[in-house]
Amino acid sequence: MASAGVQAPRDGIPWVKWLMRLLVIGYLFFLVAWPTSLVAKNTFANGFQGISDALDDPDVVHALQLSGQVAVAAVLINLLFGVGVSLLLVRFDFPGKRILNALIDVPLAVSPVVVGLALVLVYNGRYGWFGPWLEDNGLQVVFAKPGMIMATAFVALPLVIREVVPVLEEMGDDQEQAARSLGANAWQTFRRVTLPGIKWAIVYGVVLSLARSLGEFGAVKVVAGNVGGETTTAPVLVQQKYQNFQQETAYSVAFMLAFAAVLCLIVVALLRPKEAKK
Amino acid sequence: MSIEVRNVTKKFGDFVALEDVTVSLPTGQLTALLGPSGGGKSTLLRIIAGLDTADEGTINIEGTEATHLPARKRNVGFVFQHYAVFKHMTVAKNVAFGLEIRKRPKDEIAHRVDELLRLVHLQQFAHRLPSQLSGGQRQRMALARALAVEPKVLLLDEPFGALDAKVRKELREWLRRLHDEVHVTTVFVTHDQEEALEVSDEIVVINEGRVEQIGSPDDLYDRPANDFVMGFLGEVTTVNGHKVRPHDVDISTTPILAGAAQGTISRILRVGFQVRVNVLTDAGEEVAVELTKSHANALELDEGITVWVSPTPGSVARMEKVG
């Protein structure tokens, strides 16, 4: 860190301090930096040949497009739902609030594969709860895009809420009460007062959700099934290509996924200081 | 009568915040709701504004039945203790908020905002954000924002409570002058009896969810309805079984006062221009006396000497309850 050199002297034994730093840096290096950089290294072993080869493969292009569509749809759903639930949790009191609060963290705790299986049980076309009825009405959920969007939305569900809730709590409802006393209705109060207050939290939550949604593997793989490549998303494709000994394509797609995620995190890092200054 | 509160009761769980409160607040006046913290005065104000709802009872504002009206339709200006400024809007935008909600023409809004900012002496801060203002300036901005919509009544919830003593004193004098200019019916909540006595036309004393007394500052100070009001409006001491204020006790070094109690000075404390003397009477009462420094010097008071104390003729005194 750049600031380490100019830090004021603190109590503590110097070698312990250095050992601790070494430990943290080593941990991050062996767990995160080294493996990720090896993916990049393998991707660019032959310059940009790997990437351009991969982008010539229609399967890869289709998978990337599908991943993008599913991720954006899931993020939009989580954005609307997340802001609504956050308002509900912070501004209103109702029986069962604590249970709802705990339920929101379930997607973080449960394995995505379980999420996928659960969705298949409820929505599959033959013996699911709603599946047959939906299919009769022309909407196939499982083994199709709607199911994949649902699975992705489920997995990324807490991210927007957990960003927005603390900001809403800290903001308090003073400003909203003031707006009401000045004649604003619920929608005007939300749009003119609440929304500007939680704007950065929403942006942060959306970016995190997007990164998470792009990379979702387990839940989507179970729900998508294997319909001749039609429902193969980018992470699933990486696994398939890797197992079919097309390592170079696998590395290239993996790199693109990692790059997109890192890009999201960089956007977040750039947004954070702005938020702190406010 | 501008605001009619009838038989209002409000409970938070087991806690009774207001118990069968009935008050009439007159049009065009500056009324203080005075009482100790947790006594229910803020709750009453919030119920008048529609920010809380009463469990029982009715609210009538300027002849309009308001009990079931939402806050936004009551046309009430509300000023919060912690300002509740819109943090992301400039000072001018804050003040314009209510007018923009009402979809007034742009030039009318600009004109009115300018007028109001002049009124609260913030015209040079129009384009600043609230975070760049001091506490006193923020509260003046909040006041301008509340006045912008030309409310029928202006309600202030401990408006100066979060400010330091000097600014608080300045602002309350300013509020009084402002009220004399604008003449909008104003109700403000305070736990500071000096603030209430200095600023208001009428004071409603509220304690433990009930109205203890309603009257002008002089009424309350000179004719307190009960011991609580007397004690809350200022210090009280007991001489010969009479409850009086310490500055209403005469003290002399010779027994010239008829019916005076004899005692010895146990303590003398000088605070600025004032001298506080504690006298232990032979009857066993501990009497507190307040007098000016020059008066005390003239009497050559000292700890341990014998003095005679009695209530000043013409002062307010209440008989102490026996038993």
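Basis of the calculations
- Residues numbered from 1 in each chain as written.
- Chains lettered and ligands numbered in written order.
- Predicted model: local features only at pLDDT ≥ 70, side-chain atom pairs only at ≥ 80, totals over all residues.
- Heavy atoms only, no water.
- Contact = heavy atoms within 4.5 Å.
- Buried area = accessible area lost by both parts, 1.4 Å probe.
- Salt bridge = Lys/Arg side-chain N within 4 Å of Asp/Glu carboxyl O.
- Helix = DSSP H or I, 4+ residues; strand = E, 2+ residues; numbered from the N terminus.
- Nonpolar A, V, L, I, M, F, W, Y, C, P; charged D, E, K, R; others polar.
- Pairing = 2+ DSSP bridges.
- Axes fitted to C-alpha atoms, helices over the stretch in contact; angles between N-to-C directions.
- Phe/Tyr/Trp six-rings, centres within 6.5 Å; stacked < 30°, edge-to-face > 60°.
- Buried < 20%, exposed > 50% of the residue type's maximum accessible area, 1.4 Å probe, protein only.
- Lys NZ or Arg CZ within 6 Å of the ring centre and 35° of its normal.
- Domains from an automatic or database assignment.
- Polar contact = N/O pair within 3.5 Å; in protein donor to acceptor, adjacent residues only side chain to side chain.

(A) Quick look at the interface of chain B and chain A. Contact with chain B, which involves 24 residues of that partner, is made by 15 residues of chain A. Note on chain B versus chain A: buried area summed over both sides is about 1800 Å², and carbon and sulfur give 58% of it. Seen at the junction of chain B and chain A, the total is one salt bridge. Note that E100 of chain B is salt-bridged to R192 of chain A, the shortest N-O span being 3.3 Å. Elements represented by at least two residues in the side of chain B that touches chain A include exactly β6 (76-79), α2 (91-101) and α4 (135-148) of chain B. Of the residues in the side of chain B that touches chain A, the class split is 13 nonpolar, four polar and seven charged.

(B) Expanded view of the sheet that holds strand β5 (residues 64-65) of chain B. Residues and elements named next belong to chain B. One open sheet accounts for four strands, arranged β2-β1-β4-β5; its pairing is antiparallel. Taken across any chain shown, the strands that pair with only one partner, and hence form the sheet edges, are β2 (15-25) and β5. Pairing analysis gives seven bridges linking strand β1 (residues 3-12) to β2, with the strands arranged antiparallel. Bridge pairing in β2 links K10 to L18. Along the sheet, helix α1 (residues 41-49) contacts β1, β2 and β4 (56-61); its crossing angle with β1, the most-contacted strand, is approximately 120°.

(C) Structural detail: the sheet that holds strand β16 (residues 286-292) of chain B. Residues and elements named next belong to chain B. Taken in spatial order, the five strands line up as β13-β17-β14-β15-β16 in an open sheet, and their pairing is antiparallel. Each edge of the open sheet carries a strand with a single partner, namely β13 (249-252) and β16. Put simply, the sheet's adjacent strands are angled 40° from each other on average, direction ignored. As defined by bridge partners, β13 adjoins strand β17 (residues 306-311) across four bridges and the pair is classed as antiparallel. Note on β17: the bridge partner recorded for V249 is P311.

(D) Spatial organisation of the environment of V189 of chain B. Residues and elements named next belong to chain B. Tracing the sequence through the fold places V189 in strand β8 (residues 185-190). Residues V189 and A54, 135 residues apart in the sequence, show an inter-C-alpha distance of 18 Å. Residues within four places of V189 in sequence aside, it is in contact with L33, K41, S42, L45, L156, D157, E158 and P159.

(E) Quick peek at the packing of aromatic side chains. Within the structure shown, the criterion is met by 10 aromatic pairs over all chains. When the ring of F78 of chain B is compared with that of F80 of chain B, the centres are 4.7 Å apart and the planes differ by 55°; the resulting orientation is tilted. Its relative accessible area of 5% is what places F80 of chain B among the buried residues. Three or more aromatic residues link up through ring pairs in this structure, and these residues are F44, F48, F255 and F259 of chain A. For R192 of chain A, the ring lying beneath its charged end belongs to F97 of chain B, and the centroid distance is 5.9 Å. Sitting above the plane of the F86 of chain B ring, R145 of chain B keeps its charged end 4.5 Å from the centroid.

(F) Broad picture of the domain arrangement of chain A. Residue and element names in this part refer to chain A. Here chain A is partitioned into domain 1 (1-43) and domain 2 (47-277). Taking only C-alpha atoms into account, the centre of domain 1 sits 32 Å from that of domain 2. With four residues of domain 1 in contact, the opposing surface of domain 2 contributes seven residues. Roughly 500 Å² of surface becomes buried between domain 1 and domain 2 when both sides are summed, with 72% attributable to carbon and sulfur atoms. It is V39, N42 and T43 in domain 1 that bury the most area against domain 2; as a group they hold 85% of the surface buried on that side. Where domain 1 packs against domain 2, one counts zero salt bridges. If you look at where domain 1 meets domain 2, you find one residue pair in polar contact (both at pLDDT 80 or more).

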